[in-house]
Amino acid sequence: MSRPRVVVVTGGGRGIGAAIAEELGRTGAVVVTADPLVAIDGSAEAAVAEEPSTAERIVAAGGSARASAVSVTDAAAVDGLFADLVAEFGAVDAVVNVAGISRPTGFAAGDEGDWRAVIEVHLGGYLNVLRAALPRMAVAGHGRVVGVTSGSGWRAANAGAYGVAKRAVAALTWQLGHQAPPGVTVNALSPIALTRMALEAIARAGAGRSGASGGLALTTGMPEPEAIGPFGAHLTGPGLEWCTGQVLFGGGTELAVVEPP
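Conventions and cut-offs
Residues numbered from 1 in each chain as written. Predicted model: local features only at pLDDT ≥ 70, side-chain atom pairs only at ≥ 80, totals over all residues. Heavy atoms only, no water. Helix = DSSP H or I, 4+ residues; strand = E, 2+ residues; numbered from the N terminus. Buried < 20%, exposed > 50% of the residue type's maximum accessible area, 1.4 Å probe, protein only. Contact = heavy atoms within 4.5 Å. Areas by Shrake-Rupley, 256 points an atom, 1.4 Å probe, with all protein chains shown as cover. Core = buried A, V, L, I, M, F, W, Y, C linked by side-chain atoms within 4.5 Å. Pairing = 2+ DSSP bridges. Axes fitted to C-alpha atoms, helices over the stretch in contact; angles between N-to-C directions. Expected span 1.5 Å × (residues − 1). Phe/Tyr/Trp six-rings, centres within 6.5 Å; stacked < 30°, edge-to-face > 60°.

**Q** Give a description of the overall build of the protein chain that names residues and reports values.
**A** Within the protein chain, the secondary structure is distributed over seven helices and 10 strands. Buried residues in the protein chain amount to 48% of all 261 residues. Relative to all contacts within the protein chain whose residues are 6 or more apart in sequence, the contacts with residues 24 or more apart total 73%. In the structure as shown, the protein chain presents an accessible area of about 12000 Å², 57% of it carried by carbon and sulfur atoms.

Okay, structure coming up:
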């Protein structure tokens, strides 16, 4: 008897993560959003009026989903989430690691705590996901890992800890993608969209939507997160055995391969 595909999306509560999760829900996959729903700087968020969660929207649209408050910074909880899903469904077929926070850590800005917090989520959190996913996917003989990086990691940008962590995610992709177990692929999406993180960066720079950051123009033509959903979901697909170790830019209607150094 066939079983549904199971996909974990970290940071799936909002923005690009939610867009990818909802697109996956439309494919019939069981989607698990892992997101503690913190503020953009990683702090606990004040209570707000209730609205449907990503998982609830997927279910309302006829899909299958559930929400988890697991944080990628909690290695034991991430491992436990994957262990529970494997015990219930037999495997975790894919994971998309979108979780991230933002703090001012550019040149001469931010303290050591800010640097550590950003690195802990964007890089340390991804390492926790890799440690939980790769061994189980190796046993299953198949799996898709999609990290999320950023052009801030290789363009001229004053992005501090964020740029450093995202460059490391790209480096891991280029290396691990070609050493992954048979049937397992490791790729990274480098997206650009009008997320709350992007809007905060624009506001912090005092540029507005017509400004620029990291050598890339941020204009009103910048796509909404929903434009990234189809490509992010596609990277988890069962027909992509041939694609691994790639960093792929996604900007709505624009796609490109980011060449390794």
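**Q** Lay out the nonpolar core with the relevant residues and their values.
**A** Counting residues in hydrophobic clusters, the biggest one holds 34 residues, and the most contacted among them are Val 8, Phe 82, Leu 85, Val 95, Tyr 126 and Val 145. Elements supplying a minimum of two residues to this core: β1 (6-10), β2 (30-34), α3 (75-89), α4 (112-140), α5 (160-176) and β6 (184-191). Other than its neighbours up to four places away in sequence, Val 95 contacts Val 8, Phe 82, Val 129, Ala 133, Met 137, Arg 144, Val 145 and Val 146. Residues Val 9, Ala 29, Ala 55 and Ala 65 belong to the second largest nonpolar core, which totals 25 residues.

**Q** I'd love a proper account of the sheet that holds β2, names of residues and values included.
**A** Read across the sheet, eight strands follow the order β3-β2-β1-β4-β5-β6-β9-β10 without closing on themselves; strand pairing throughout is mixed. Of all strands in the sheet, those with a lone pairing partner are β3 (64-68) and β10 (254-258), marking the two edges. The average undirected angle you get between the axes of adjacent strands in this sheet is 20°. Relative to β6, strand β5 (residues 143-148) is paired through six bridges, and the arrangement is parallel. Considered in β6, the bridge of Gly 147 is made with Ala 188. On the sheet, α4 packs against β1, β4 (94-97), β5 and β6 and is oriented at approximately 170° with respect to β5. Against the sheet, α5 contacts β5, β6, β9 (247-251) and β10, and its axis sits at roughly 150° relative to β6.

**Q** For helix α1 (residues 15-26), give the residues involved together with the corresponding values.
**A** Helix length check: α1, at 12 residues, gives a terminal C-alpha distance of 17 Å against a target of 16 Å (1.5 Å per residue), a fit within 8%. The set of residues buried in α1 consists of Ile 16, Gly 17, Ala 18, Ala 19, Ile 20, Ala 21, Leu 24 and Gly 25. The inward-facing, buried residues of α1 abut β1, β2, α2 (54-60), β4, β6 and α7 (229-234). Downstream of α1 by one or two residues, Gly 28 has phi in the positive range, about 95°.

**Q** Lay out the packing of aromatic side chains with the relevant residues and their values.
**A** Each aromatic ring pair is specified by the distance between its two centres and by the angle formed by the two planes. Applying the stated criterion across every chain, the model contains one aromatic pair. Consider the rings of Trp 154 and Trp 174, whose centres lie 6.4 Å apart with planes at 45°: the pair is tilted. One end of the pair, Trp 154, is in the loop between β5 and α5; the other, Trp 174, is in helix α5, with 20 residues separating them in the sequence. Looking at Trp 174, the relative accessible area reads 14%, which means it is buried.

**Q** Report on the side chain of Thr 236, specifying residues and quantitative values.
**A** Take Thr 236: it is sitting in the loop between α7 and β9. Residue contacts for Thr 236: discarding those within four places in its chain leaves Arg 5, Leu 24, Ala 94, Val 96, Arg 144 and Val 146.

Interpretation note: all reported values are geometric properties and have no functional meaning in isolation.
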